[in-house]
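Below are the chains, spelled out letter by letter.
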Amino acid sequence: MEKSPLTTLCYIEKEDKYLMLHRVKKQKDVNKDKWIGIGGHFEEGESPEECLFREVKEEAALSLTSFSFRGLITFCASGWPIEYMCLYTADGFEGELIECDEGALEWVEKDRLMSLNLWEGDKIFLRLLLEDAPFFSLKLCYEGDNLTEATLNGTKMEWQEHTKEWVVP
C-alpha cells in the first residue's frame, strides 16, 4: 500500500526539553542519523489528531493530554512525492517511555536542539516553535539533503550566509 502524503510530527515538551527521536535503527531510512520529533504517515480515514495520537502511542507509549496544532509544512524534494505535515507541540502526556524500534528517544534541552544533526528545514520550524510563533505555513524544497528553497506564510525566505540561517527578508 502506498504511503499517504499526509503526516504528523510532534515535539513533546517537559522541563524545557523536547522529546527527540535519533533515527539510527533502520538501514533504509530517509531520516537516517537525523534527530526528529515523533510522528508518521496518516492511515486510511485518520484525522490529523488520530494520526498524532496513534504515532505518539506507537513510537513512545505516551498518551497526549494537552497539545497544540502549530503549523502546516509542505515538503518537496526531487525524486520524492510531495508531503504535507501537520506540526504539533504537546505539553501534557501520560505513560512511560518505551524503547522505539525506529531510533533512540531522548529528552533534549531546547537550547541544545540546533547543535543536533537536524534537517535544515527542521531548524526553521523549530526556531518558530521556540519563538512561540503563531500558526504558520512553511514550504521546504530539497535537492538531496540540501534545502534549496523555504517559503514562510507565502514569503520566500533568504539564506543568510553570515548567520547560517534562513530568514524572511
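Quick summary incoming for the structure in this document. (Residues numbered from 1 in each chain as written. Predicted model: local features only at pLDDT ≥ 70, side-chain atom pairs only at ≥ 80, totals over all residues. Heavy atoms only, no water.)

### Observations concerning the pattern of salt bridges
For clarity, the threshold we go by: A carboxyl oxygen of Asp or Glu within 4 Å of a side-chain nitrogen of Lys or Arg is what we treat as a salt bridge.
Taken as a whole, this structure holds eleven salt bridges when the rule is applied. Note that Lys-156 is salt-bridged to Glu-149, the shortest N-O span being 2.6 Å. The salt bridge partner of Glu-161 is Lys-164, with a shortest N-O separation of 2.1 Å. One network of salt bridges, with partners in common, ties together Glu-43, Glu-46, Arg-54, Glu-55 and Glu-58.

### Remarks on the state of the cysteines
The cut-off we apply is this: The disulfide criterion is simple: two cysteine sulfur atoms within 2.5 Å. In DSSP terms, a helix is any run of H or I states spanning at least four residues, a strand is any run of E spanning at least two, and both are numbered starting from the N terminus. Residue burial is assigned from relative accessible area. The probe radius is 1.4 Å, only protein chains are included, and a residue is buried under 20% of its type maximum, exposed over 50%, and partly exposed in between.
According to the stated counting rule, one finds one disulfide in the structure shown. For Cys-76, the disulfide goes to Cys-141, at an S-S distance of 2.3 Å. Highlighted residues: Cys-76 in strand β5 (residues 63-77) and Cys-141 in strand β8 (residues 136-143), separated in sequence by 65 residues. Free of any disulfide, Cys-10 has its nearest neighbouring cysteine sulfur in Cys-51, separated by 11 Å. By relative accessible area, Cys-10 is classed as buried at 0%. No disulfide involves Cys-86; its sulfur sits 8.0 Å from that of Cys-51, the nearest cysteine. Given a relative accessible area of 8%, Cys-86 falls into the buried group.

### Focus: the environment of Val-167
Selection rule: What makes two residues a contact is simply this: any of their non-hydrogen atoms within 4.5 Å.
Looking at the element boundaries, Val-167 is found in strand β12 (residues 165-167). Given the relative accessible area of 23%, Val-167 is considered partly exposed. Each C-alpha atom, one on Val-167 and one on Gly-121, is 12 Å from the other, the two residues being 46 residues apart in sequence. Filtering out sequence-adjacent residues up to four positions away, Val-167 remains in contact with Met-157, Glu-158 and Gln-160.

### Concerning unusual backbone geometry
Apart from glycine, the bulk of residues carry a negative phi angle, and the bulk of peptide bonds sit in the trans form. The residue Ala-61 is not glycine, and still its phi comes out positive at about 65 degrees. Backbone geometry at Asn-153 places phi at a positive 50 degrees, although glycine is not the residue there. Assignment of secondary structure puts Asn-153 in the loop between β9 (146-152) and β10 (155-156).

### Observations concerning the packing of aromatic side chains
Note the following rule: Geometry of aromatic contacts follows a simple scheme: Phe, Tyr and Trp rings, the Trp one being its six-membered ring, pair when their centres are within 6.5 Å, and the pair is stacked under 30 degrees between planes, edge-to-face over 60, tilted otherwise. The rule for a charge over a ring is simple: NZ of Lys or CZ of Arg within 6 Å of the ring centre, and within 35 degrees of the ring normal.
Under the definition given, this model contains nine aromatic pairs. Relative to Tyr-18, the ring of Tyr-11 has its centre 5.4 Å away and its plane inclined at 50 degrees; by these criteria the two rings are tilted. Using a relative accessible area of 0% as the deciding quantity, one classes Tyr-11 as buried. Looking at Tyr-18, the relative accessible area reads 1%, which means it is buried. Residues Trp-119 and Tyr-142 carry aromatic rings whose centres are separated by 5.4 Å and whose planes lie at 75 degrees to one another, so their mutual orientation is edge-to-face. One end of the pair, Trp-119, is in the loop between β7 (104-109) and α2 (120-130); the other, Tyr-142, is in strand β8, with 23 residues separating them in the sequence. One aromatic cluster is present, formed by Phe-53, Phe-67, Phe-69, Tyr-88 and Phe-135 through successive ring pairs. The positively charged end of Lys-34 is found above the aromatic ring belonging to Trp-119, 4.7 Å away from the centroid.

### Observations regarding a nonpolar patch on the surface
Going by this rule: Patch building starts from residues that exceed 30% relative accessible area and form no salt bridge, then joins like charges within 9 Å and nonpolar side chains (Val, Leu, Ile, Met, Phe, Trp, Tyr) within 5 Å. Surface accessibility follows the Shrake-Rupley procedure with a 1.4 Å probe radius. Residue values consider only the protein chains on display as shielding.
Taken together, Leu-6, Phe-69, Leu-72, Ile-82, Tyr-84 and Phe-135 make up a surface patch of nonpolar side chains, about 490 Å² in accessible area. Topologically, Phe-69 is positioned in strand β5.

### Some points on helix α1 (residues 48-60)
Spelled out, the test is: Helix span, as expected, comes to 1.5 Å for every residue beyond the first.
In a regular helix each residue adds 1.5 Å, so 13 residues correspond to 18 Å; α1 covers 18 Å between its end C-alpha atoms and thus fits that length. Listing the buried residues of α1 in full gives Cys-51, Leu-52, Arg-54, Glu-55, Val-56, Glu-59 and Ala-60. Among the structural elements, β1 (6-14), β2 (17-22), β4 (38-41), β5, β6 (83-94) and β7 are those in contact with the buried residues of α1. Positive phi shows up at Ala-61, right after α1, with a value of about 65 degrees.

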